[in-house]
Amino acid sequence: TIGSGTAITKILSATTTWDVPSLVNGAFASTTITVPGVTAGDTIIPSLSSITQDGWYWLVSYVSATDTVSVRLLNSTGGTINLPSGTLRVTCIKF
């Protein structure tokens with residue numbers, strides 16, 4: 001446990017390369033990543049190394065099936081973005 005919080009029983013992590021297509025403002029791209037052991041209800045934290053520009057990006061994730069996490073990137077920058085290919089990392093915390 002950390003402090004007096006709920007005990008963390010396991011941390012899972014997986015990476016893959018994601019080349020997000022060009023996105024106009026308001027558009028989104030989706031992908032999935034296999035994370036062995038992840039199940040519905042786990043806490044999911046996504047990150048994408050190619051998001052280095054200022055602006056509003058929404059990177060969200062959820063367990064879409066056992067061992068599978070779905071990730072969406074929404075462009076809310078006000079313009080079109082064309083990110084370089086980057087490393088998508090998904091970290092899953094089990095309590």
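Residues numbered from 1 in each chain as written. Predicted model: local features only at pLDDT ≥ 70, side-chain atom pairs only at ≥ 80, totals over all residues. Heavy atoms only, no water.

A. Layout of the environment of threonine 16. On the secondary structure map, threonine 16 appears in strand 1 (residues 10-18). Expressed as a C-alpha distance, the spacing of threonine 16 and threonine 34, which sit 18 residues apart in the sequence, is 9.0 Å. (Helix = DSSP H or I, 4+ residues; strand = E, 2+ residues; numbered from the N terminus.)

B. Region of interest: the packing of aromatic side chains. Here the structure, examined in full by the defined rule, presents one aromatic pair. Geometrically, the ring pair formed by tryptophan 56 and tryptophan 58 is stacked, given 6.0 Å between the ring centres and 25 degrees between the ring planes. Under the relative-accessibility criterion, tryptophan 56 is labelled exposed at 58%. (Phe/Tyr/Trp six-rings, centres within 6.5 Å; stacked < 30°, edge-to-face > 60°. Buried < 20%, exposed > 50% of the residue type's maximum accessible area, 1.4 Å probe, protein only.)

C. Here's a closer look at the sheet that holds strand 4 (residues 57-65). In spatial order, the strands read 2-5-4; together these three strands make up an open sheet with antiparallel pairing. Every interior strand has two partners, whereas the edge strands, strand 2 (28-34) and strand 4, have only one. The mean angle between the axes of side-by-side strands here comes to 20 degrees, regardless of whether they run parallel or antiparallel. Note: strand 2 against strand 5 (residues 68-75), seven bridges, orientation antiparallel. By the bridge assignment for strand 5, serine 30 is matched with arginine 72. (Pairing = 2+ DSSP bridges. Axes fitted to C-alpha atoms, helices over the stretch in contact; angles between N-to-C directions.)

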